[in-house]
Amino acid sequence: MTARYTARRRSNAVATVLALAATTLGLGWLVLILGALLWKGFSGLSVAVFTEMTPPPGASGGLLNPIVGSLILTALAVAIGTPIGILAGTYMAEYGRYDRLTSVVRFINDILLSAPSIVVGLFVYEVMVAPMGHFSGWAGGVALAMLVIPVVVRTTEDMLTLVPDALREAATSIGLPRSLTIRYICYRAAQAGMVTGVLLAVARISGETAPLLFTSLNNQFWSPNLNAPMSSLPVVIFQFALSPYKDWQSLAWTGALIITLAVLALSITARALAPSGRQS
Amino acid sequence: MDPAGRRSVVDVALQDGVLVSAEAFKRAKVLDRLRLGDAAFRHLTRAAAVGVLLLLGGVIISLIDGSLPAVRTFGFGFLVSERWNPVTDNFGALPAIYGTVVTSFIAMLIAVPVGLMIAFFLTELCPPWLRRPTGIAIELLAGIPSIIYGIWGLFVFAPFLQHTLQPFLINTLGNVPVIAPLFSGPPYGIGVLTSGLILAIMVLPFVTSISRDVFEAVPPVLKEAAYGVGCTTWEVVRHVVLPYARVGVIGGIMLGLGRALGETMAVTFVIGNAHRISASVLAPGTTISATIANEFTEAVGDLYTSALIELGLILFVITFIVLAAARYLLLRIERRIG
């Protein structure tokens, strides 16, 4: 009896230690990755990074054009993706909460949410780049917008569902039409959550590389022209990191640090803004 | 007369006279406009919802359309052929599919037990004040862009493995009779095993956060009953929590698997892009997504491009099935909780 009890206690202790070890391992990885980024990225960080163009191999330079390119592409993606996402989410939560279309869209949307982003790049290449005959900033923005939409749809629907029905009933009882109820009452009540959704979407796309590789491609020069190939931070990191030149590699690390800090800042802001409901 | 703004539709209807009926007319017009706006908004939102469906349809159709030339040329043989020769326009998907499956398998082999143990720690062992920060820190791993994993894997992790883990594996497991071929060859640093390990770090947060959520959803009375008859913490988790949360955990695992299968950038950096199937996990290989990322912009000729698009189609079909299964399982557990 005591022997068996000891054995049970022992396996419990082993499991506890394993759980602790697993958690340490998970957190350790985070620390290792962030540590390496800070270590290698900070050494290259200077004013020139934000004021100079990407250099040819062997010369010094900065990351101005990819940073601006990334900002433009992200803004474009948000401008295209957010309205569509919010409208679709509105239909699912407000008009068709229980109908068949909503459950199908929800299912498909959840799949799009984790679908491989490189496939999105192939799709946009097929429908935009190939017919237009050249790579372009527009194509890159559309590709990123396709990644924004599922995130925004999901959070909009979740947040609107959390709005208490009593608010809607009160608005209806004073004669407010449905569409105005949604716009003036529900959107306002769900505002914080919906903003969170957009921030999460921006965080998601700002590091995306795969869909940009063959849509917006890359541009060595200053080019705010959306109709031409456009530089972006992730693609430049990809190209520079795999190059044999030390200068380029160190710029890649600096770029990686900038992206990571931006993404982490965005997700922490999103979390701080988020209402009590958990984001998934 | 009371101010026009305070009258209701009923007031207007009850009164008569030219002046009032003109007002009623105006009022009806406003109401009409509102009704129209209402219908318009409703249809607009509906169109956007349908648009999301069309997006998926568009992706599938364009991929099928783009891969037609390759399908016509190679037929079913594309899936089982091992050659990949752009010069002679001869393509087969087997090495890429093999690499995708093997790297994802390695990733899940590590991420599932570790993720479950972290979820166990977070729900049962962790002091409450530490629970939220730890959970957030693990989820931050999911927020780090995949290209960061790639650059870190290439410059930090791969050299580290080359000097430590890989020689160790070659010297120990490489001498065990049956599994020796798995760990043969020189330690390159990059390769299938490295990619699998990086993927494991990347899917860990998905497995962890979903497992934690379903663990937390286990009714406390079940756990309390088990503690009441004298179970240890581990026994409660092993025999009460885990069986109860089984479906959700499997859903979370499938979700992580879907991510691992489609992950591109991190793998592209460290897999080595070699179109061959080696028995050794230390050798370089390739995956579907890495092949596309590496070769698409350089692909000359319709057949080459088309072959790459067909690879994309295969990847999409595989991940679609895995993700659909994951969603189905998670939906089932959501219904049971809600």
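Residues numbered from 1 in each chain as written. Chains lettered and ligands numbered in written order. Predicted model: local features only at pLDDT ≥ 70, side-chain atom pairs only at ≥ 80, totals over all residues. Heavy atoms only, no water.

Caption draft 1: Examining the overall build of chain B more closely. When helices and strands are tallied, chain B shows 14 helices and two strands. Expected size for 338 residues packed as a compact globule is a radius of gyration near 20 Å; at 29 Å, chain B overshoots this value by more than 25%. Structurally, chain B occupies a C-alpha span of about 105 × 70 × 35 Å along its principal axes. Split into buried and exposed, the 338 residues of chain B put 51% on the buried side. Excluding contacts between residues fewer than 6 apart, the proportion of contacts in chain B whose partners are at least 24 apart in sequence is 72%. Per element, the accessible surface of chain B, about 15300 Å² overall, is 67% carbon and sulfur. Distance from the positive charge centre (23 side chains) to the negative charge centre (21 side chains) of chain B: 6 Å. (Helix = DSSP H or I, 4+ residues; strand = E, 2+ residues; numbered from the N terminus. Rg over C-alpha atoms; globule rule 2.2 N^0.38 Å. Buried < 20%, exposed > 50% of the residue type's maximum accessible area, 1.4 Å probe, protein only. Contact = heavy atoms within 4.5 Å. Areas by Shrake-Rupley, 256 points an atom, 1.4 Å probe, with all protein chains shown as cover. Lys, Arg positive; Asp, Glu negative; His and termini not counted. Charge placed at Lys NZ, Arg CZ, Asp CG, Glu CD.)

Caption draft 2: Structural detail: the overall build of chain A. Of regular secondary structure, chain A possesses 11 helices and zero strands. What you see in chain A, going N to C, is helices and strands ordered as α-α-α-α-α-α-α-α-α-α-α. Computed over its C-alpha atoms, the radius of gyration of chain A comes to 24 Å, more than 25% above the 19 Å expected for a compact globule of 280 residues. By its C-alpha atoms, chain A is 70 × 70 × 35 Å across when sized along the principal axes.

Caption draft 3: Local environment of helix α9 (residues 191-206) of chain A. Here α9(A) spans 22 Å end to end across 16 residues, near enough to the 22 Å set by a 1.5 Å rise per residue. If you follow the buried residues of α9(A), they end up packed against α3 (64-95), α4 (100-114), α6 (137-162), α8 (178-189), α10 (233-241) and α11 (246-273) of chain A. (Expected span 1.5 Å × (residues − 1).)

Caption draft 4: How the structure looks around the interface of chain B and chain A. Counting residues at the interface gives 80 residues for chain B, matched by 82 residues for chain A. Between chain B and chain A the total buried area reaches about 7200 Å² when both faces are included, carbon and sulfur atoms providing 79% of it. Across the chain B-chain A interface, the total number found is three salt bridges. With a closest N to O distance of 3.2 Å, E139(B) and R271(A) form a salt bridge. One can count seven residue pairs in polar contact (both at pLDDT 80 or more) joining chain B with chain A. For the side of chain B that touches chain A, the element with the most residues is helix α2 (residues 18-74) of chain B, which contributes 21 residues. In terms of residue class, the side of chain B that touches chain A is made up of 51 nonpolar, 18 polar and 11 charged. (Buried area = accessible area lost by both parts, 1.4 Å probe. Salt bridge = Lys/Arg side-chain N within 4 Å of Asp/Glu carboxyl O. Polar contact = N/O pair within 3.5 Å; in protein donor to acceptor, adjacent residues only side chain to side chain. Nonpolar A, V, L, I, M, F, W, Y, C, P; charged D, E, K, R; others polar.)

Caption draft 5: Spotlight on unusual backbone geometry. Residue and element names in this part refer to chain B. If you check the backbone angles, D89 has positive phi at about 55° while not being a glycine. Take D89: it is sitting in the loop between β1 (84-85) and β2 (90-91). The residue N273 is not glycine, and still its phi comes out positive at about 50°. Looking at the element boundaries, N273 is found in the loop between α12 (265-270) and α13 (288-295).

Caption draft 6: View of the packing of helix α7 (residues 165-173) of chain A against α8(A). Residue and element names in this part refer to chain A. Where α7 contacts α8, the axes come no closer than 10 Å and their chain directions differ by 155°. Taken together, α7 and α8 sit at an angle that is classed as roughly antiparallel. When you trace α7 past α8, the crossing you get is right-handed. Facing L167, R168 and A171 of α7, the residues of α8 in contact are T181, I185, C186 and A189. Here the contact of α7 with α8 is built from residues that sort into five nonpolar, one polar and one charged. (Axes fitted to C-alpha atoms, helices over the stretch in contact; angles between N-to-C directions. Parallel < 35°, antiparallel > 145°, perpendicular 65-115°, else oblique. Left-handed = near helix turned anticlockwise from the far one by under 90°.)

Caption draft 7: Spatial organisation of the packing of aromatic side chains. What the rule picks out here adds up to 16 aromatic pairs over all chains. Judged by centre distance (5.5 Å) and plane angle (80°), the ring pair of F238(A) and F269(B) falls under edge-to-face. Of this pair, F238(A) sits in helix α10 while F269(B) sits in helix α12, which puts the two residues in different chains. A ring pair is formed by Y245(A) and W248(A), whose centres lie 5.4 Å apart and whose planes are at 80°; its orientation type is edge-to-face. Residue class for W248(A) comes out buried when judged on its relative accessible area of 6%. Taken together through their ring pairs, the aromatic side chains of F74(B), F78(B), W84(B), F91(B) and Y304(B) make up a single cluster. Residue placement shows R183(A) over the ring face of F41(B); its charged tip is 5.0 Å from the ring centre. (Phe/Tyr/Trp six-rings, centres within 6.5 Å; stacked < 30°, edge-to-face > 60°. Lys NZ or Arg CZ within 6 Å of the ring centre and 35° of its normal.)

Caption draft 8: Structural context of the pattern of salt bridges. Scanning all chains against the criterion turns up 13 salt bridges over all chains. The shortest N-O distance in the salt bridge between E208(A) and R204(A) comes to 3.7 Å. Accessibility assignment for this pair places E208(A) and R204(A) in one class, buried. The closest approach of N and O atoms between D32(B) and R35(B), which form a salt bridge, is 3.3 Å. Of the two residues, D32(B) and R35(B) are both situated in helix α2; the distance of three residues between them amounts to about one turn of the helix. Residue classification places R35(B) among the exposed positions, given a relative accessible area of 54%. The structure contains a network of salt bridges with shared partners spanning D110(A), R154(A), D158(A) and R327(B).

Caption draft 9: Structural context of α8(A). Between the first and last C-alpha of α8(A) there are 15 Å, a value that for 12 residues agrees with the 16 Å anticipated at 1.5 Å per step. Those residues of α8(A) that fall on the buried side of the exposure criterion are S179(A), L180(A), T181(A), I182(A), C186(A) and Y187(A).

Caption draft 10: Spotlight on the nonpolar core. In terms of nonpolar packing, the biggest core is built from 177 residues, with Y149(B) and L311(B) touching the most fellow members. Per-element accounting of this core gives the leading share, 16 residues, to helix α4 (residues 94-125) of chain B. The contact partners of Y149(B), leaving out residues within four places of it in the chain, are I33(A), L141(B), I144(B), I198(B), I201(B), M202(B) and A266(B). Core analysis: the second largest hydrophobic core is formed by seven residues, I111(A), I210(B), L323(B) and A324(B) among them. (Core = buried A, V, L, I, M, F, W, Y, C linked by side-chain atoms within 4.5 Å.)

Caption draft 11: Spotlight on the environment of G150(B). Residue and element names in this part refer to chain B. Considering the arrangement of structural elements, one finds G150 in helix α6 (residues 146-163). Sequence separation between G150 and F269 is 119 residues, and the spatial gap between their C-alpha atoms is 5.2 Å. Not counting the four nearest positions on each side in its chain, G150 is found in contact with M265, A266, F269 and V270.

Caption draft 12: Layout of a nonpolar patch on the surface. A cluster of nonpolar side chains, namely L38(A), F42(A), L45(A), F50(A) and L261(A), defines an oily patch on the protein surface of about 440 Å² accessible area. Position of L38(A) among the secondary structure elements: in helix α1 (residues 2-42). (Patch = residues over 30% accessible without salt bridge, like charges linked within 9 Å, V, L, I, M, F, W, Y side chains within 5 Å.)

Remember, this is a structural readout, not a statement about activity or role.
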